[in-house]
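Analysis of the macromolecular model
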Amino acid sequence: MKRYFIVLMVLFSLWEGATAQAQNKVLTGTVVEIIDGSKEPILGANVVFVDRSDRYLTGAITDLDGNYNLAVPSDAGNLRVRFSYIGMKTQTLEYTGQRVLDITMSSEAGQLDEVQIVAKVIERNDMGISFLEQTSATQKVSMSEIVEGTPVSSIEEALQGQLAGVDIVVGGDPGARSTIRIRGINSLNASSEPLIVVNGIPYSVDIDDDFNFATANDEDFGALLNIAPSDIESIEVLKDAAATAIYGTKGANGVLLINTKQGSKGKTRFSFSTKFTAKFEPNPIPLLDGHQYVSLMQDAIWNAANAKGLTSANNELNLLYDTYDINYNPEWMYFDEYNCDTRWLDYVRQQAYTTDNTFSIDGGGDKATYRLSLGYLNEMGTTVGTGLERFNANYRMAYDFSDRLRMNTEFAFTQTDKQGNATTSVRSEAQRKMPNKSPYYIDDVTGEPLPTYFNRQEEDFQGAFNGSLGGSARNFNPVAMVDLGFNNVMQREERITFNAQYLFPFDLTYKGYVSMNMKTVKTRGFLPQEATGVLWTGNNANLSKDAYSDNLSLMTEQKLLYNHTFAEKHQVLATGLVRVKQNENYSYSSFTSGNPSSGLSDPVAGSVVTSAGSGYSKTRSVEAIGQFNYTFDGRYVANATINHEGNSAMGKSNRFATFPAFGLAWNIHREHWFDDMENPWLTEGKIRLSLGWSGNAPSGSSLYLGAYQTLGEFMNMAAIYPVRIQLDKLKWEVSKEWNYGFDIRLFDKVGFTFDYYDKYTSDLLLSNVRIPSSTGYSTIRWYNSGELSNRGYEFRITYDAINTKIWKLNFNFNISHNENKVEKLPVNMTEENYTFGNGNYAIRVVEGDPIGSFYGYRYLGVYDNKEQTYARDAAGNIMYDYKGLPIVMKNGTTTAFPGDAKYDDINHDGVINEYDIVYLGNSNPVFTGGAGFTLKYKDWSLTTFFYDRLGQKIINTARMNLESMYNTNNQSTAVLNRWRSEGDAEHTNIPRALYGMGYNYLGSDRFVEDASFIRLKTLSLNYNLPKKSLEKLGINRLQVFVTGYDLFTWTKYSGQDPEVSLPSRATALAQDNSTSPVTKRAAVGINLNF
Amino acid sequence: MKNWKNLLRLMGVAVFCAALPSCIEDISNDPHYAIPETLKGSAYETLQEKGNYTIFLKGIDLVGYQSIVDGMSSLTVMAPDDEAFASYLKGRGYSSIEEMYAKEPNEVKKLIGFHLVYYGYNWDKFVNFRPNEGDEATEEERMNMAGYYYKFQTRSSDGMTREYDPAQKDSVDVWHLERFIPVFSSKMFETKGIDAKYNYEYFFPETKWTGNYTLENKQGGFNIANASVLNEGDVITDNGYLYYVDKVIRPMETIYTELKNNEDYSTFFQLYDGYSRFEKDVTLTTNFGKGKDLYLHGSTLLPIAYEWPNSSYRAVDVNSREGFNIFAPSNAAIRNFFTNYWTPSSGYTSFEDLDQLIVSYFIQQTFGKELFIAFPEEIKKGNVLTTFGTPINIDPDKVTWRQICCNGVLYGMDDMNAPAIFSSVIGSAFRDRRFLPYLYALDGSDLVLSLASPNASFVALIPDTAQFKGSLMKLENITGGRELQVWSEEAGAYTSIGSNALQNLVNMHISTSADVLKKEGLQVVETNVAFNYWYIVDGKITTSSLFNQQLNPTWNSEIYFDFSPLEFDEKSPNGGLWDNGRAYVYTSPKLFETSTGDPLRRVLAVCNDKSYPYYLFSQLLVKAGLVSEQQLTIAMSDARFIAFVPSNEAIKRGIEDIPGCSSFSVDDDYTLSGTISSANKTKLANYLRSYFITSDLSPFSVYPYPGSGLKGTFDTSGTNKLVLEDDGVSLAVHFADSENAPVTLYQTEKYHSLPFAYSDGCFLLINDILK
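**Description of the overall build of chain B**
When you go through chain B residue by residue, the secondary structure sums to 28 helices and 37 strands. A buried classification covers 56% of the 771 residues belonging to chain B. Within chain B, contacts between residues at least 6 apart in sequence are counted, and of these 64% link residues at least 24 apart.

**Some words on the overall build of chain A**
Summing up its helical and strand segments, chain A has 14 helices and 54 strands in all. Expressed as a percentage of its 1090 residues, the buried residues of chain A come to 56%. For chain A, the share of sequence-separated contacts (at least 6 apart) that also reach a separation of at least 24 residues comes to 70%. Accessible area for chain A stands at about 45,000 Å²; split by element, carbon and sulfur atoms hold 55% of it.

**Considerations on the packing of aromatic side chains**
Any aromatic ring pair is given by two values, namely how distant the centres are and how the planes are angled relative to each other. Residues and elements named next belong to chain B. Per the counting criterion, the structure on display carries 117 aromatic pairs over all chains. Ring centres of Phe 129 and Phe 152 lie 5.5 Å apart, and the angle between their planes is 55 degrees; this geometry places the pair in the tilted category. Of this pair, Phe 129 sits in the loop between α8 (123-127) and α9 (139-143) while Phe 152 sits in strand β3 (residues 151-153), placing them 23 residues apart in sequence. Geometrically, the ring pair formed by Tyr 200 and Trp 209 is tilted, given 5.4 Å between the ring centres and 50 degrees between the ring planes.

**Concerning the pattern of salt bridges**
Scanning the entire structure with this criterion turns up 65 salt bridges over all chains. Between Asp 362 of chain A and Arg 269 of chain A there is a salt bridge; the shortest N-O distance is 3.0 Å. Taken together, the residues span a long stretch of sequence, with Asp 362 of chain A in strand β17 (residues 352-364) and Arg 269 of chain A in strand β16 (residues 266-280) at a distance of 93 residues. A salt bridge links Arg 349 of chain A to Glu 281 of chain A; the nearest nitrogen and oxygen atoms lie 3.0 Å apart. With Arg 349 of chain A in the loop between α9 (344-348) and β17 and Glu 281 of chain A in the loop between β16 and α7 (290-308), this residue pair connects regions lying 68 residues apart in the sequence. As far as burial versus exposure is concerned, Arg 349 of chain A and Glu 281 of chain A are alike and both buried. Through salt bridges with shared partners, one network takes in Glu 107, Lys 110, Asp 158, Arg 179 and Glu 253 of chain B.

**Some details on the sheet that holds strand β36 (residues 756-757) of chain B**
Residue and element names in this part refer to chain B. Strand order in the open sheet formed by 4 strands is β31-β28-β37-β36, and the pairing between neighbours is mixed. A strand with exactly one partner marks an edge of an open sheet, and here the two such strands are β31 (692-694) and β36. Relative to strand β37 (residues 761-766), strand β28 (residues 641-646) runs parallel, the two being bridged by 6 bridges. Each bridged residue has a counterpart across the sheet, and for Pro 646 the counterpart in β37 is Ile 766.

**Comments concerning the confidence of the model for chain A**
Residues and elements named next belong to chain A. Predicted confidence across chain A gives a mean pLDDT of 81, with 84% of residues reaching 70 or more. Counting contacts from residues 110-121, a segment whose pLDDT is below 50, to residues more than four positions away or on other chains yields 1 contact. Overall, residues 206-224 carries pLDDT values under 50, and its contacts beyond four positions in sequence, including any with other chains, amount to 52 contacts.

**Let's talk about the interface of chain A and chain B**
Contacts between the two partners involve 69 residues from chain A and, on the opposite side, 56 residues from chain B. Interface area, chain A with chain B, both sides summed: about 5,700 Å², of which 61% is carbon and sulfur. Where chain A meets chain B, there are 2 salt bridges. A salt bridge links Glu 331 of chain A to Lys 109 of chain B, with the nearest nitrogen and oxygen atoms 3.9 Å apart. If you look at where chain A meets chain B, you find 24 residue pairs in polar contact (both at pLDDT 80 or more). Per element, the largest residue contribution to the side of chain A that touches chain B is 10 residues, and it comes from α7 of chain A.

**A short note on the sheet that holds strand β22 (residues 533-537) of chain B**
Strand-to-strand pairing in sheets goes through backbone hydrogen bonds, with the strands running parallel or antiparallel. All names here are of chain B. Spatially, 7 strands are ordered β20-β16-β25-β24-β23-β22-β21 in an open sheet, and the strand pairing comes out mixed. The open sheet is flanked by β20 (510-511) and β21 (522-526), the only strands paired with a single partner. The sheet contact formed by strand β16 (residues 458-461) and β20 spans 2 bridges and is antiparallel. In the strand pairing of β20, Ala 460 is matched with Ile 510.

**Here's the deal with helix α28 (residues 678-689) of chain B**
All names here are of chain B. The terminal C-alpha atoms of α28 lie 17 Å apart, and with 12 residues this matches the ideal 16 Å at 1.5 Å per residue to within 8%. Of all the positions in α28, only Asn 680, Leu 684, Ala 685, Tyr 687 and Leu 688 are classed as buried. An end-on view of α28 places all buried positions within 165 degrees of arc, on one side of the element. The exposed set on the far side of α28, more than 90 degrees from its buried face, consists of Ser 678 and Ala 679.

**A look at the nonpolar core**
Grouped together as the largest cluster of nonpolar side chains are 133 residues, with contacts concentrated most on Val 69, Phe 85, Phe 184 and Ile 224 of chain B. Sort the elements by how many residues they give to this core and α7 of chain A lands first, with 10 residues. Ignoring any residue separated from it by four or fewer positions in sequence, one finds Phe 85 of chain B in contact with Ile 55, Phe 56, Pro 80, Ile 97, Leu 111, Ile 112 and Val 248 of chain B.

Cut-offs applied
Residues numbered from 1 in each chain as written. Chains lettered and ligands numbered in written order. Predicted model: local features only at pLDDT ≥ 70, side-chain atom pairs only at ≥ 80, totals over all residues. Heavy atoms only, no water. Helix = DSSP H or I, 4+ residues; strand = E, 2+ residues; numbered from the N terminus. Buried < 20%, exposed > 50% of the residue type's maximum accessible area, 1.4 Å probe, protein only. Contact = heavy atoms within 4.5 Å. Areas by Shrake-Rupley, 256 points an atom, 1.4 Å probe, with all protein chains shown as cover. Phe/Tyr/Trp six-rings, centres within 6.5 Å; stacked < 30°, edge-to-face > 60°. Salt bridge = Lys/Arg side-chain N within 4 Å of Asp/Glu carboxyl O. Pairing = 2+ DSSP bridges. pLDDT = per-residue confidence, 0-100. Buried area = accessible area lost by both parts, 1.4 Å probe. Polar contact = N/O pair within 3.5 Å; in protein donor to acceptor, adjacent residues only side chain to side chain. Expected span 1.5 Å × (residues − 1). Arc of directions from axis to C-beta. Core = buried A, V, L, I, M, F, W, Y, C linked by side-chain atoms within 4.5 Å.

Next up, the structure:
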């Protein structure tokens, strides 16, 4: 097998030999090893001349017969020849002018001790600090274990539940954006997303606020982490302010450090893995069939018409008597098309499969290591027309120019093609679509569907098309939309990084990098007229979108580290760095309509350009960070960091700010009283304390600048007027965080980690704050006010229960709790307007309550008869009006009738209105966590992982919309149980159907549900085929696995899935809008190493 | 062996893999989404369970309504049991519904559909449906017209028929709307204050009135068309309500169809059908035309061919309450009436001779005024009126044909009296061909109904064709009929006359203030046009407008004309005089007209001709500065006024006594000479203003004439008050604070102490100046 890759190795050697110069003297020889007593040539062994300072001078690689030719450098004195080969003991010989030098290499097997020493090399982070010297809350996970047996397409998915204090909610569609929150919500309007650092380089994920041209939407340009999970070596999360300080303010919401795999010394290794995953979408909420739907509509409209009085119900009468869509009349021209039973969702859903293949080569010698990986992922979405295709290539190369200088280059290329539907609301449209309507025209004679999409929109019961390409829309044929429409995003990303490290004398080290990240996003969309039925002359007729954006992000970092131990006990570690970042964005978009087809949608020929736009933005930031770390005797650690940072988004008075952080740690197990113990029970023990400040700047460029707009002419002169206020005093949002924690490992079996944190954020950044119009402005773009706190704890246990050669069993468990609290309301916080109406919850930010609280009515069921509708006082007695007639309850302005919703009349005034609103709970989970165990028996291993979010409440908007019976939307079969006549209240709490009137689904606790869940995230069975039989095939390892993903969810939640994506704005409501639910998946795959 | 083991292990993995998908939870098993066991079942299921409704269910299946009865639509179902159905089929000569369907599929469809009412009506709604107030109706509101909204839309329709449209001279596709079914509730009879049993069984003698049966807590009961509701009451189903009825409910036809199908009423039907109008309906054409244009069968008269009183589905209150009451004369009755009313001398010899307008009035006399169902008891009480407000004068018990239709009620009669309008004061317009233009004038003026009212008394001048011709008016044929037109100099052609002009024309010929026109002496008759009068002097008649012409010394045409009464012939149906007044013809070559030309303000302001009897008064007005030179009118308020104008002789005689006129002298030929100082001008103006009574200071509704009743003390525009004396024969006037004798009216042969009436006022010539 080795021979097949000789060419590749030769190529590397040529590269390595670039420094070689033409020489006259040549050293030749043969390199062999002894196998079963005979000499066998070694192919590809490394032969180099090195000087006294171990600098490599010339080098060569042995050929098929183990021969080599090596040019002798001109400076022949003091040279040594070094032979090395993967798995063999490196030999260095003095060069004394020989012409021929043969050598026999021996296996490294006898060098185990040395290898062990290498294995114990203390892992140090970017700032040169080892785990022992850390004073802050961090957690590291190795991805290999998670990813190998688990088919994930994104990092977020892989990480969910693995990290205490990191709350991740993933979306169901391929490539949909996930929400990541580390230690709660820290800001009202500024971003709460954590910083992601890839191989030490901050990765730009945020979308500027001023990035808002027509095409932009989160999903198009969203921060997909364009890194294949299989390329990731490890992920570390930095949680507290002291830990994140070295990443500047961008890390204020936490930092995810991602390290990708790199080459390692040794033989060239090839690995190939392939996974095939089938997705099983849970059955949708059962909806009404065509007959039930028509019946419901008639019932609802009839009830409404009667409630109003028929003569005042023009619209209802029109629907009841003149709208044959729901009015059975075989004489009507579209009778066939409107008397079907169409399960629209089934037309837009599909069985989906994912294939994921990765291939990598890595290896290296003394001077250079390399790793090349290629990956191809093809993921189908469970919605027809959606999918994700990703190709990625990553090449990392490290080269030691000398013992002092090490260069590292990384090139990564990723192309992601995301296929999306032309509108984001295909599923919701399919769900609401009248099920008695046919997707296709029906042949009047045969009664069979014709191949033409039925898109009658005018005078349609469900109205005419309304919406936009790439956005949400209503009233279209979803089948045609998924078949013919699309909104595809192609994202191509190239990342090039040059890393250098130089070891100066006196324990001084320089590290630096230059990183370029180029991201190109191309969006193409098409809104087919067949789906919308709009007039050909309209703007939406065969609308085509073409958008392009280009992002270039440049970053450099220069860092000096000093690491010296004085008098064996006083270790000093000092670091200083300067980091500069520039980000540039170009964008362009155009929309054309009247295109003949999706393929013929050129904006310059034969179509109408309906809109076009372009944008440009540039931001810069600079930060200077210093860190000092002192360790006494490996036992006591003190740490201080200072970050001085500037951001072009800030006003000139506060553009630069300084954020310090401090930490203390005590490594108990290093105390000398353990020295005498033979087997100390405390393997590891550490107490930590840290305090840090961090800042948060609004995103965008030059936000502080005031702006003027032209007024045209004023009194015959050109005139301008101010539209945006100058924000010279805009400040950073500052958070101060205390962290107390300990790490304990007992008997080298059980590990505990506990952290308690207290994070207090002040000068909250509020966007678009309304200000008195007397100022001449209506809003102020950003404003600092208000205070917020997050307090909580995180707890982790790992337990290696069994560890024998045959059996291995280990458990892990983590749990975290976060309490969010509004400490001080912003001074002029504009309370979101509460409009009394169906489905509306009051959005309130209340001092002392957490963000994400729900306020609404208390639901009591249904009024069953006339008497129950009478208003009652606090004592429960019926109230009477001045005429002596009982007062009938009113929901808002409408009188309650039997069958209507009954709410708790908190103030007993006979009217349900905003004065009856009460606190109903909040969307913050009480606990989040994960747990799992791995059981290994010989070549078999079984891995499970459970994920849970407990105690959070969610507004089940999907259920609300499916039970409201308020409009023409199709409803769930739950409404079959609606109140219809007196006595029904005994067995139902679903009100009567009432079309377009009444208040039967006010924002109440009827739809606020406990969305606690525990989910079996992974259940994986691995089998490593026996090595002996594989070796014959030249295979090192062949692993077969089968994994079930998200198989079981234990929840009381009545929606499709309790894992509901959180709103991007902190003050928005957490509600389940029934997007594609997280699918259950079964994957089978192999991992092959040779 | 080892390979086998490996294979087994792989198979284990495969089984694990296959087992995974089966672990998926199914939300449809969630009891929240399960079909509840408490559902009551659809109407169809309920009937199936009941068992004894197989024929009805079979019928539902045959006509394709199974899906809607079985839950797809919200319905109120009236279900006759097998016994009732079998008896119905037997009555039609069929042994099974399949047999009937094979022969008359459309009839079965109509029949079954008539048992299916759109949407759910519970017992309360059938007893007292409230389309206007809805569920929120208070008890007080529910008492208003309780039970009057009694008809409900069913799924029974004739669909499309092909009918002849005379206007297009071709057949057209006519769309028929769905029938309404009547539900007669005890509440309806209670509200009307009539006996439910008698009135219901009058129309449905074969069905017992059981509407007094009621459910607990309900306010009444009902019969549904020709059926009684059985005791179960309103049965709640998942898709509405179900009523068990004792008879198959016969689909009701329109009044039009019933008349069309009854040969005994062919004359009346044909007369009506002449007014049929077919209107293309764009919406229906789009929805149901399938390539054909669809029409609705309307009429220029009452649209009795429409299934609905109002063709809009939105007019639920109208359609559920209203219907037409038709009192149709049979062929014999019409024949009889014609020979009595129209004689050869009147110019009409047969029905075909009659003008369309006459026929239309004739037909409309057979329509009830109220659009709510008229019951026999109400007719007996005299509470049912024709379109023209006259009571329906029939004995319901003698009515030979009683039919409740889907759009109203039909009473068929073999005998008829002259309709009130034909025997009213304008009856001649219908009866005599000479007065046909006048009939059109009446019709266009919309005054026919009020002139036919039996509650008033009129004197009418009936102008004939020649007089209309003299006024350059004539009947012209236009699309859809005829029209009275007038010659327009401007257009150079005959043009339509506006309804205001026609009202003026008719009102100028009508008076309600007199009972008779006197043949002797002086009589002033107020016409129905305010401040326009007929002056009758010694058996001759003129108008106030013509009378004014006498002031013009050069006028030489006739002023007064002969007149004579117009009476029924001996054969008049009701005998004797017209029912509500007297009618006359007059001999003027032209129509009498209202006063036109210059208003009085101008007449008095611009008189420069010394031969006019008010010349000097006009001159004084000019001298006093009371004439606006720009507008050439008297500078006074816009109010109507009465002026007392001293004759030229009187002013000449008393010029020196007139304040401010000391420097003036009057020659024999009435030439006024001299100048006036500004102080005198003011004096004179103040004095002259006292000759004017204006309606803003002293309101009046008639002009003064002997016997007009207008007398007493009046404020004037000037400083003096005027006292007007009227002894019934002559008038006299004086200043209120004057001790001088009252000044009498300026008497000539021509003027008869009568006022000269103009559109803005009148004046009376007096014999002396006022002092």
